[in-house]
Amino acid sequence: MGEQVMRNIHDDVHVVQARGLTKVYGARRVVDGVDLMVRAGEVYGFLGPNGAGKTTTLRILLGLVRLSEGTVRVLGHRPGDPRGLIGVGALVEGPGLYPYLSGRDNLRVMARYAGVPMRRVDEVLELVNLTDRAADRFATYSLGMKQRLGVAAALLKDPKLLILDEPSNGLDPAGMAEMRRLIRRLGTGERTVLLSSHQLAEVEEICDRVGVISQGRMLAEGTVAELRGEGQLMVRADPLPRAREVAERVLGPQRVSVVDGVLRLRTAPHRAAVVNRALVAADVAVSELRVVERTLEDVFFELTGGAGQPRVGEER
Amino acid sequence: MGASFQAELIKTGRRPVTWLLLAVWVILGLTFGYLLPYMSYRNGSGMAAEVPREQQLAELLPASLTTVGVSGLPMFGGAIALVLGALATGGEYGFGTWKTVLVQRPGRIAVYAGKCLAMALVTLMQVLGFFAVGAVASAVIAELEAASGAWPSAGELVTAIAAGWLLAGMWCGIGMFLGVWLRNTALAVGLGLVWTLVVENLLRILSGGLGVLETISDWLPGTNAGSVAAALGVIPITEPGGTPGVVAAVTGAQATGTVAGYLLLSGIVAIVILRRRDVN
């Protein structure tokens, strides 16, 4: 899973408090009653298929889009309030920067708007590894470099809350890995990161908690482990009735089922040894025992009804 | 607002098209304000052939700097200013930069106000640039023709520069409004130029004898810009040797007030739109 990160998460302090967030365009409810509570210091993953309402929700939090219904506070202020924006950095739907300016000049412009000292420009360039290309025009950057400069612009204010909307979009595998490393680094300490993505591996790898949104509605929220639910043990044993009897005695009948001649045991993976020992002691021949864990991808497709799932013949 | 102004200065100053347009304006102004009229004077031909030679020369000398300086602004200079304004706001939509700018810190009004200040500076440069080049050109002509090198009074110069700045400012403000309203540079520039260079002139031509149309025409930006120039002594297009876009349709005071009104109105409407509209 990569390097260890240190985060100071404050369960009782919410940097984003959104209740009943709704955005209506004509007759279409793009965001429909979303509740979103992001704790200080955590990396929160906002997961959903394309068109789920992620970007609109983030735009509402930033004051770029007016909400139709609901209440929102970001760092204790209304969205778009300059007092709140001081502590917020954001990269929304790709980096919007000036193609005719150099990377450094783009950041100088944003630093002026943000009212931060110019020395911060070189600091964030260093942070995203763009110092060498800082004098080149933004238009000449690769997509990955553009994304990194967008992240640099979001970091100028050394924000308490960093909102990143699909930062890995369009990047090649190496670029995606680099972006993940960067986000993991940025999410250390006191900083809160709200990461919107449809990259399940990215969210699974980086985020402390995850909210799953689809068709404008928040479907589930929790830690990755909570969303995955309990793991399962799959056991091939003979004789099966005797094996089932033993498993029910060890785990309780409600945790045991038989599917296609295979025992399915709903229990934590570390209990595999206990189950195996009991079966062997009861003279049951165990030919296979393995842990089956649901991935976030499984959970995601269950929740979203398969939205974004590849069709037969497509690669996932 | 100061922070927004400084940010705008970096953006505008480093944008090649800003300098290109200012250069085009100076070249156009020199060509139509001095070069072609001087050739016409020397050859005794061209559009101003029916104007007495003494008058032709007088309009090229330093004493006429104030009138030549503002003569192009109701039309071509105005079009350049309109394009500058449309680029300043429409470009933010084209580059997708509003979302980046508006999440930094200043509110939308402060950002737009900073943009207005920066464009005020650019339009002042536009006017001063042409006055400076015009001063050199007129001095050279006076020297070549061994004519009077007397300059207008400081008061006349300041009045003409202020009037020119107001005209350029109005067109720039309209361009900025169009950029915000249409969320697009190309459309704002296209519509603005069609209006400035074609529609207003057609309306003025067609309004002769039609009372309602004439009244409407008298309140249009181009007519009033032309009337400001006419009030400063620029010869209207209706007279021999007159300047395109310059008309004496309304009094100088009314025209100045109307031009200032358009400048203010375009700013207010743009801010209202910018504040109310979602940034998608």
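Residues numbered from 1 in each chain as written. Chains lettered and ligands numbered in written order. Predicted model: local features only at pLDDT ≥ 70, side-chain atom pairs only at ≥ 80, totals over all residues.

Enquirer: Would you mind showing me how to read the pairing of strand S13 (residues 285–292) of chain A here?
Expert: It is a general feature of regular strands that their side chains alternate between the two faces of the sheet. Residues and elements named next belong to chain A. With respect to burial, S13 is a largely exposed element, only zero of its eight residues being buried. Where strand S10 (residues 232–238) meets S13, seven bridges bridge the pair, whose relative direction is antiparallel. Bridge assignment links Leu233 to a residue of S13, and that residue is Val291. (Buried ≥ 20, exposed ≤ 12 C-beta atoms within 10 Å, placed from the backbone. Helix = DSSP H or I, 4+ residues; strand = E, 2+ residues; numbered from the N terminus. Pairing = 2+ DSSP bridges.)

Enquirer: So what exactly am I meant to see when it comes to helix H1 (residues 54–61) of chain A here?
Expert: Because each turn of an α-helix spans 3.6 residues, side chains separated by three or four positions in sequence point in the same direction. Residue and element names in this part refer to chain A. Of all eight residues in H1, eight are buried, a share of seventy percent or more. Of all the positions in H1, only Lys54, Thr55, Thr56, Thr57, Leu58, Arg59, Ile60 and Leu61 are classed as buried. One or two residues past the end of H1 sits Gly63, with phi positive at roughly 80°.

Enquirer: Looking at this structure, I do not really get the environment of Gly41 of chain A. What am I missing?
Expert: Locating Gly41 of chain A in the fold gives a position in the loop between strand S2 (28–40) and strand S3 (43–47). When the C-alpha atoms of Gly41 of chain A and Leu155 of chain A are compared, they prove to be 16 Å apart, with 114 residues separating the residues in sequence.

Enquirer: Looking at this structure, how should I read the sheet that holds strand S8 (residues 209–214) of chain A?
Expert: Hydrogen bonds between backbone atoms are what pair the strands of a sheet, whose relative direction is either parallel or antiparallel. All names here are of chain A. Here six strands make up an open sheet; going across it, the order is S5-S6-S7-S3-S8-S9 and the pairing mixed. One side of each edge strand has no neighbouring strand; the edge strands of this open sheet are strand S5 (88–91) and strand S9 (217–223). Neighbouring strand axes in the sheet, compared pairwise and without regard to direction, differ in orientation by 15° on average. Set on the sheet, H1 makes contact with S3, strand S6 (161–165), strand S7 (192–197) and S8; between it and S6 the angle comes to about 150°. (Axes fitted to C-alpha atoms, helices over the stretch in contact; angles between N-to-C directions. Contact = placed C-beta atoms within 7 Å.)

Enquirer: Quick question: what am I supposed to make of the domain arrangement of chain A here?
Expert: Interfaces are often sized by the accessible area lost when the parts come together. By the assigned domains, chain A splits into domain 1 (10–227) and domain 2 (230–292). Distance from the C-alpha centre of domain 1 of chain A to the C-alpha centre of domain 2 of chain A: 45 Å. (Domains from an automatic or database assignment.)

Enquirer: Which parts of the structure should I look at to understand the sheet that holds S2 of chain A?
Expert: Residue and element names in this part refer to chain A. In spatial order, the strands read S2-S1-S4; together these three strands make up an open sheet with antiparallel pairing. Lying at the two open borders of the sheet, with one neighbouring strand each, are S2 and strand S4 (69–74). Along the sheet, successive strands turn relative to each other by an average axial angle of 20°, direction set aside. The sheet contact formed by strand S1 (residues 10–25) and S4 spans five bridges and is antiparallel. Note that in S4 the partner of Val16 across the bridge is Val74.

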